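Spelled out from the first residue to the last, the chains are:
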Amino acid sequence: MELHGIGVGRGVAVGPVLRMPDPLPEPVDDRFAGDPDAEYARVTDALAAVADELRTRGAHAGGDAQEVLEAAAMMAADPTLADNVRELIGGGKTGERAVFEAFAAFQELLVGMGGYMAERATDLGDVAQRIIARLRGVAAPGVPVSDEPFVLVAPDLAPADTATLDFRVVRALVTRDGGPTSHTAILARANSIPAIVGVTGVLDLADGTIVIADAGSGTVVVDPSTDAVADAERRIAERATAASAPVTDGALADGTRVPLLANLGDPDEAANAIALGAEGVGLFRTEFLFLDATSAPTVEQQEAKYTALLSQFPGRKVVVRCLDAGADKPLSFLNDAHEENPALGLRGLRALRASEQILRDQLTALVHAQDATEADLWVMAPMVADAEEAAWFVALGKELGLRTVGVMAEVPSLALVAEQVAEVSDFVSIGTNDLTQYTLAADRMLGTVASYQDPWHPAVLRLVQRLGEAGAAAGKGVGICGEAAADPQLAVVLVGLGATTLSMTPAALADVRAELATVTLEQARTKARAALAARSAAGARDAAANA
Ligand code: PEP
Ligand code: MG
């Protein structure tokens, strides 16, 4: 039997399933007859204790885990939630029930906001469970503990769970819920283990069932044959060899250079990327620095961050993207209006144009960082629709003192006028995540249409081809910075279509580097032609593999 979901990363793992224990049952809604003040005091003690515990565990875990646990601790200490709990207890609810209802209402609010915020609802549910467990005097739900390697299966993972995972024994994460930006996905990427999210039916697997989790194909093979296990183990060994291969610059078998760059969201991630062989940065997502900000960051705040990033790449290329407020990444200071179809709304460059001073401040901060460091700074705008928008952005960037200014190709309209864009822009970087979403009209955050979110689709590849040809004709670089660049086989096809650089999550660099080294430019072009002629994403994958 095979189950399907959305794979995170390219890894493969084999092992027995261990499931997360079931959550605590919902507290019953009996009328509370005791002293409401004493009951509320019990709850505030529990809230404080849980916040404390999460913070302590965060300090112990360090790194990304510390950040997520501290955010969860802040949720437990949120005064609005405490007020709501007090009110519910005053209205005759038990402490447990009041916590359950107050947190559930807040979760619902987050889910309604969609995207990134909806995925934080899981975190809030986890905090509520911990508080209720404490009020009940029972152990908090948590990850199973084992000395033997296992594949962790869960409805979804919350930060408090993922922070306590022992990655020496957890081979893969498989969850029923969660999207590509859920904590499960983030933690799996950061720890270079495979994850498959959104897998229907996975919770029916019994503990001890052997599975092959293959993130590349998004499949979970249940009770695999001996041959399938042997094949998976061979692929695991190959990946280990690729990962330990000497770190060299990206190049094809015939020596054609394909610089391999990193996608980053924080200057702190640069050292790891450099250690993994990143030749520079192909996408710095500036909005990740300011997701929690309620007002626009100042020029000084931004300058400090950008300088911290650029100073780590002397003589290297660093592509910084301007603030990309969107459905999945709301920035309240740029766009907090309700929109029926936020992915089609005032986001990307559109939101920046509507708040031009915020854009000018960001570009000014970038100019200061450019002038204070030795890095080769390139700046680009997200979600650009056409050459008019591209020209407007490039002119503004140059007026303020930037040397190299370009645009992201994420909207099909931009690709369709690629020659006009190549004329006015210094470079183009293709965001295949959004380009796929808009080409196939499939919300990238929505599990039900995840099968459309496949950058192998020939329609997407044809747009990449147009952009590649226009860039080559105008002598302009055409990079790829969406997840597609992290898929080694697709990376080859993208180079065959004209991509001049590839940028990806640093954990993917080794696999892509190894795959590029196996083909010449002519072979990459042959594979690209075969993929372009296919009739579906799956057909393109097969055609490229057999070309
Ligand atoms: C993309 O859309 O492919 C991209 C790189 O940008 P983001 O994933 O941040 O929207
Ligand atoms: Mg995008």
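What you see is a predicted model, and the numbers here were worked out from it, not measured in a lab. (Residues numbered from 1 in each chain as written. Chains lettered and ligands numbered in written order. Predicted model: local features only at pLDDT ≥ 70, side-chain atom pairs only at ≥ 80, totals over all residues. Heavy atoms only, no water.)

**Thoughts on the coordination of the magnesium ion (ligand 2)**
Inclusion rule: Coordinating donors are taken as N, O and S atoms within 2.8 Å of the metal, stretched to 3.2 Å for Na, K and Ca; because water is absent from the atoms, sites can appear incomplete. Secondary structure counts use DSSP, requiring at least four H or I residues in a row for a helix and at least two E residues in a row for a strand, with both numbered from the N terminus. Any residue under 20% of the maximum accessible area for its type is buried, any over 50% is exposed, and the rest in between are partly exposed; the area is computed with a 1.4 Å probe on protein chains only.
The protein atoms that coordinate the magnesium ion (ligand 2) are E410 (OE) and D434 (OD), at distances spanning 2.0 to 2.1 Å. Here E410 is found in the loop between strand 13 (404–409) and helix 14 (412–416), whereas its partner D434 is found in helix 16 (residues 432–439), with 24 residues between them in sequence. Note on accessibility: E410 and D434 belong to one class, buried.

**A short note on the site of ligand 1**
The criterion, for reference: Only heavy atoms are used to decide nearness, and a residue is near a molecule or strand if one of them lies within 4 Å of it. Any pair of nitrogen or oxygen atoms within 3.5 Å is treated as a polar contact; in protein, a donor-acceptor pairing is required on top of that, and neighbouring residues in sequence qualify only through side-chain atoms on both sides. For every accessible area listed, the method is Shrake-Rupley and the probe measures 1.4 Å; residues are considered covered only by the protein chains on display. Any residue that is not Ala, Val, Leu, Ile, Met, Phe, Trp, Tyr, Cys, Pro, Asp, Glu, Lys or Arg is counted as polar, Gly included; the first ten are nonpolar and the last four charged.
By nearness alone, 14 residues border ligand 1, and R285, R321, E410, N433 and R444 come closest of all. A distance of 3.3 Å separates an oxygen atom of ligand 1 from a polar backbone atom of G431. In this structure, an oxygen atom belonging to ligand 1 sits 3.0 Å away from a main-chain N or O atom of D434. Protein chains bury 99% of the 290 Å² of accessible surface belonging to ligand 1 in isolation. Looking at the shell around ligand 1, the elements with two or more residues in it are strand 10 (281–285) and helix 16. The element contributing the most residues to the shell around ligand 1 is helix 16, with 3 residues. Of the residues belonging to the shell around ligand 1, the class tally is 3 nonpolar, 4 polar and 7 charged.

**Some remarks on the sheet that holds strand 3 (residues 12–19)**
Quick note on the threshold: Two strands are counted as paired when DSSP detects at least two bridges linking them. Angles here are taken between N-to-C directions and fall from 0 to 180 degrees, while the axes themselves are lines fitted to C-alpha atoms, restricted in helices to the stretch in contact.
Spatial strand order, 1-8-7-3-4-5-6-2: 8 strands in an open sheet with mixed pairing. Lying at the two open borders of the sheet, with one neighbouring strand each, are strand 1 (2–4) and strand 2 (6–8). Averaged over all pairs of adjacent strands, the angle between their axes in this sheet comes to 30°, without regard to strand direction. Note that strand 3 and strand 4 (residues 150–154) share 3 bridges and pair parallel.

**Some details on the environment of L187**
In this fold, L187 is placed in helix 7 (residues 183–190). In sequence terms L187 and D45 are 142 residues apart; their C-alpha atoms lie 30 Å from each other.

**Examining the sheet that holds strand 10**
Condition: Whether two residues touch is decided by their heavy atoms; if any such pair falls within 4.5 Å, the residues are in contact.
What the 8 strands build is a closed barrel, ordered 9-10-11-12-13-14-15-16; its pairing is parallel. This sheet shows a mean twist of 25° between the axes of neighbouring strands, independent of strand direction. Bridge count between strand 11 (residues 317–321) and strand 12 (residues 376–381): 5 bridges; the pairing is parallel. Counted as the bridge partner of V318 is L377 from strand 12. Across the sheet, helix 13 (residues 387–400) touches strand 12 and strand 13, and the angle it forms with strand 13 is around 150°.

**So, the pairing of strand 12**
Where we set the bar: For crossovers, right-handed means that the path from the first strand over the helix to the second runs clockwise, given strands pointing away from the viewer.
Counting buried positions over the 6 residues of strand 12 gives 5, a clear majority of the element. One ladder, built from 4 bridges, connects strand 12 with strand 13; its direction is parallel. Within strand 13, the residue paired with M380 across the bridge is G406. Taking the sense of rotation as the criterion, the β-α-β connection linking strand 12, helix 13 and strand 13 turns out right-handed.

**What about unusual backbone geometry?**
Positive phi outside glycine occurs at M383, with the angle close to 45°. A residue is classified by how much of its surface remains accessible, and M383, at 2% relative accessible area, is buried. Not every positive phi belongs to a glycine, and A441 is a case in point at roughly 50°. Relative to the helices and strands, A441 is located in the loop between helix 16 and helix 17 (458–474). Assessed through its relative accessible area of 71%, A441 is described here as exposed.

**Structural notes on helix 3 (residues 79–90)**
Note the cut-off: Expected helix span is taken as 1.5 Å per residue step, with the number of steps being one fewer than the number of residues. Starting at the helix axis, one direction is taken to each C-beta atom, and the arc is that of these directions.
Between the first and last C-alpha of helix 3 there are 16 Å, a value that for 12 residues agrees with the 16 Å anticipated at 1.5 Å per step. Along helix 3, the residues classified as buried are L81, A82, V85 and I89. Here the buried residues of helix 3 occupy an arc of 100° about the axis, which is enough to place them on one side. Residues of helix 3 that are exposed and point over 90 degrees away from its buried face: P79, E87 and G90. N-cap assignment for helix 3: the residue whose side-chain oxygen lies 2.8 Å from the backbone N of T80 is D78. Following helix 3 by one or two positions, G92 has its phi on the positive side, about 105°.

**Side note on the domain arrangement of the chain**
Formally: Domain delimitation follows an automatic or database domain assignment.
Examined at the domain level, the chain breaks down into domain 1 (2–20 + 143–243), domain 2 (36–136) and domain 3 (260–546). The centre of domain 2, based on its C-alpha atoms, is set 36 Å off from the matching centre of domain 3.

**Some remarks on the packing of aromatic side chains**
Given two aromatic rings, their pairing is described by the distance between the two centres and the angle made by the two planes. The following threshold applies: Pairing of aromatic side chains requires ring centres within 6.5 Å, counting the rings of Phe and Tyr and the six-membered ring of Trp. Pairs whose planes differ by under 30 degrees are stacked, by over 60 edge-to-face, and all others tilted. Charge-over-ring contacts are defined here by two conditions on Lys NZ or Arg CZ: a distance within 6 Å of the ring centre and an angle within 35 degrees of the ring normal.
Counted under the stated rule, the structure contains 1 aromatic pair. Aromatic side chains W378 and F427 sit 4.7 Å apart centroid to centroid with 50° between the ring planes, which places their arrangement in the tilted category. One end of the pair, W378, is in strand 12; the other, F427, is in strand 14 (residues 427–430), and 49 residues separate them in sequence. A single burial state applies to W378 and to F427, both of which are buried. A cation over a ring is seen here: K317 above W378, with NZ or CZ 3.8 Å from the ring centre.

**Quick notes on the side chain of K317**
Put simply, the rule reads: Positive charges come from Lys and Arg, negative ones from Asp and Glu, while His and the chain ends are left out of the count. We define a salt bridge as a side-chain nitrogen of Lys or Arg found within 4 Å of a carboxyl oxygen belonging to Asp or Glu.
With respect to the secondary-structure elements, K317 resides in strand 11. Put simply, K317 is tucked away with no salt bridge, and the nearest opposite charge, on D376, sits 6.9 Å away. Apart from the residues within four sequence positions on either side, K317 is in contact with L261, G280, V281, D376, W378 and T501.

**Examining the pattern of salt bridges**
The full count for this structure, using the stated rule, is 29 salt bridges. The partner of R235 in a salt bridge is D214, and the shortest N-O contact between them spans 2.7 Å. Here R235, found in helix 8 (residues 226–244), pairs with D214, found in strand 7 (residues 210–214); they are 21 residues apart in sequence, far enough to count as distant. On the basis of relative accessibility, which here comes to 26%, the residue R235 falls in the partly exposed class. Judged by relative accessible area, D214 falls into the buried class, the value being 9%. Between R347 and D324 there is a salt bridge, with its nearest N and O atoms 3.4 Å apart. Placement of R347 in the loop between strand 11 and helix 11 (348–354) and of D324 in the loop between strand 11 and helix 11 is noted, with a sequence separation of 23 residues between them. Connected through salt bridges with shared partners, the residues E26, D29, K93, R97 and E101 form a single ionic network.

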